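# Chain and residue survey
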Amino acid sequence: MYHSPFLIEDQLVVVPVPQILAGDTVFRDYAIATMEPNSVPYGLIGGGMLIVRAGRILWVGPEPCGWRSEVKVEQFFGDGRLLTPGWIDCHTHLIFAGDRSGEFAQRLSGVTYADIARKGGGILSTVRATRMVNEEELYESARMRAESRLRQGVTTLEIKSGYGLDLPNEQKMLRVARRLAETMPLTIVATVLAAHTVPPEFAGRGDDYVTHVCEDMLPAVSHLADAVDVFCETIAFSLDQSRRILEAGHARGLRLKIHAEQLSLSGGAAMAARLGAVSADHLEYLDESGVKAMAQHGTTAVLLPGAYYFLQETHVPPIELLRKHQVPIALASDFNPGSSPLHSHQLVLNLACLLFRMTPEEALAGVTRNAARALGLGDQVGTLRPGKWADLAEWDAHSPAELSYPIAAQLCRCVFRRGVCVHAVSV
Ligand code: NIG
Ligand code: FE
């Protein structure tokens, strides 16, 4: 009998290879990093086989010696190459217009990110540029950025609004996110970040803007979004203002996320965790009480090494405390024009290892299993186990540690969404 050994809730479940039906797809001869949290590093299965039925994983395990399909089905042969879950970029701001290269030059001469923001630049300069372009242009630039992520093995992409900051422009951004979901072979999670900063129309009236977001904007955009986010920071929204935003989003049925403890400690992560947030993101200045609150409420930590690097931050997120309290750590690009214009998704892993001292296994879990949790999609994607979507990436690599090691390499060879090949490099 051929078997697939699986640990489900710590129980070893052994399932024989099922009978193949017409329409199934079979992946053979792969090193499969399932990323299931079992006793084997990376949940790795050598000489692995994976069977897809109706877009979902039906079976995964070591290929039995002499196995052959009795019916004619589509088969992919890996020649020992690595197969992982499709990557999940769980924090991006990839819909925007303009660029901030001028501010980059200013920062190199000593001006800080916070100084630039206080003088009306930073996020607000991208708001000005984004308000000026029409929806079609915004869609086209975002499509190219999403396409680039897809070619790098990303099959699920979170995208935030937050460069509109008024109802028409926030709606414009969220409609672009929805259109990407309809036109691209990607799962898109749209997050409304109307509370990214106070727009010029409300200058000096942050509380009034928060009221406007809670009472007018969130009700009008919640059908376009899956989650709500807020930038809780001295240069953006206070702890109380952030709480109001999250409570209003919760009342509209949105998942909760927060940008917290990026430049200073505000207590935002703990507050959001208590409200049931799926993730708290950035976290350079997070303290142990915040870590404990996140552990207690099942909130995932999303670390953004691109922003840490690009802002030349020196305060490393509390990795040891997150490990100690078993808070799942996700990684994301934070792709945006101001703090993380990071185009290479593989570099996210490499930076996390070198700057945050994460292990290559933690880094890969960060863009798969834990990134899925950070979006509330942990039961759908993020690991390769029967029942989940067959979102897969095939790599020009034979072991998973190879993914974190090169600097900004592009090792992705094929991308499969729901078992269908949606990108392949020509070899
Ligand atoms: O995640 N921290 C706030 N928001 C973004 C930066 C956005 C920008 O600078 O345009 C971030 O780093
Ligand atoms: Fe961000």
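Residues numbered from 1 in each chain as written. Chains lettered and ligands numbered in written order. Predicted model: local features only at pLDDT ≥ 70, side-chain atom pairs only at ≥ 80, totals over all residues. Heavy atoms only, no water.

## Some points on the overall build of the chain
Each helix and strand in the chain was counted, giving 14 helices and 18 strands. Its C-alpha radius of gyration of 22 Å places the chain within 12% of the 22 Å reference for a compact globule of 427 residues. Counting over 427 residues, the chain shows a buried share of 59%. Taking contacts inside the chain between residues at least 6 apart in sequence as the whole, the part at least 24 apart equals 71%. For the chain, the computed accessible surface area is about 16700 Å², with 53% contributed by carbon and sulfur atoms. (Helix = DSSP H or I, 4+ residues; strand = E, 2+ residues; numbered from the N terminus. Rg over C-alpha atoms; globule rule 2.2 N^0.38 Å. Buried < 20%, exposed > 50% of the residue type's maximum accessible area, 1.4 Å probe, protein only. Contact = heavy atoms within 4.5 Å. Areas by Shrake-Rupley, 256 points an atom, 1.4 Å probe, with all protein chains shown as cover.)

## Some points on the site of ligand 1
The immediate surroundings of ligand 1 are formed by 15 residues, with R100, Y113, Y163, H196 and S339 found nearest. Here an oxygen atom of ligand 1 and a side-chain polar atom of H282 are 2.9 Å apart. The fraction of the free accessible surface of ligand 1 (320 Å²) that becomes covered by protein chains is 100%. Here the shell around ligand 1 is composed, by residue class, of four nonpolar, nine polar and two charged. (Near = heavy atom within 4 Å. Polar contact = N/O pair within 3.5 Å; in protein donor to acceptor, adjacent residues only side chain to side chain. Nonpolar A, V, L, I, M, F, W, Y, C, P; charged D, E, K, R; others polar.)

## Some points on the packing of aromatic side chains
The full count for this structure, using the stated rule, is 11 aromatic pairs. Centre to centre, the rings of F202 and Y209 are 5.2 Å apart; their planes meet at 55°, and the pair counts as tilted. The exposure classification of F202 matches that of Y209, with both residues buried. Pairwise contacts between aromatic rings join F27, Y30, F76 and F416 into one cluster. Sitting above the plane of the Y139 ring, R179 keeps its charged end 3.7 Å from the centroid. Above the face of the W389 ring, R418 is positioned so that its terminal group lies 3.7 Å from the ring centre. (Phe/Tyr/Trp six-rings, centres within 6.5 Å; stacked < 30°, edge-to-face > 60°. Lys NZ or Arg CZ within 6 Å of the ring centre and 35° of its normal.)

## Focus on helix α9 (residues 288-297)
Among the residues of α9, G290, V291, A293 and M294 are the ones counted as buried. Along α9, the residues classed as buried sweep out an arc of 160° about the axis, all on the same side. Considering only its buried residues, α9 is in contact with α8 (268-274), β13 (279-282), β14 (300-303) and α11 (319-324). Of the residues flanking the end of α9, it is G298, one or two places downstream, whose phi is positive at about 70°. (Arc of directions from axis to C-beta.)

## A short note on the side chain of T191
Along the chain, T191 turns up in strand β10 (residues 187-195). Under the relative-accessibility criterion, T191 is labelled buried at 0%. A polar side-chain atom of T191 sits 2.6 Å from a polar atom in the side chain of E158. T191 has contacts with E158, I159, K160, S161, L174, A227, V228, D229 and K257, leaving out every residue within four places of it along the chain.

## A look at the state of the cysteines
The full count for this structure, using the stated rule, is zero disulfides. Looking at the unpaired C90, the closest cysteine sulfur is the one in C353, lying at 16 Å. (Disulfide = S-S within 2.5 Å.)

## Concerning the packing of helix α6 (residues 206-221) against helix α7 (residues 239-251)
For any two helices packed against each other, the geometry is given by the interaxial angle and the distance between the axes. Between α6 and α7, the shortest axis-to-axis distance is 10 Å and the interhelical angle comes to 5°. Between α6 and α7, the angle falls in the class roughly parallel. Between α6, through G206, D207, V210, T211, V213, C214 and L218, and α7, the contact on the second element is made entirely by Q241, R244, I245, A248 and G249. Partitioned by chemical class, the residues of the contact of α6 with α7 number six nonpolar, four polar and two charged. (Axes fitted to C-alpha atoms, helices over the stretch in contact; angles between N-to-C directions. Parallel < 35°, antiparallel > 145°, perpendicular 65-115°, else oblique.)

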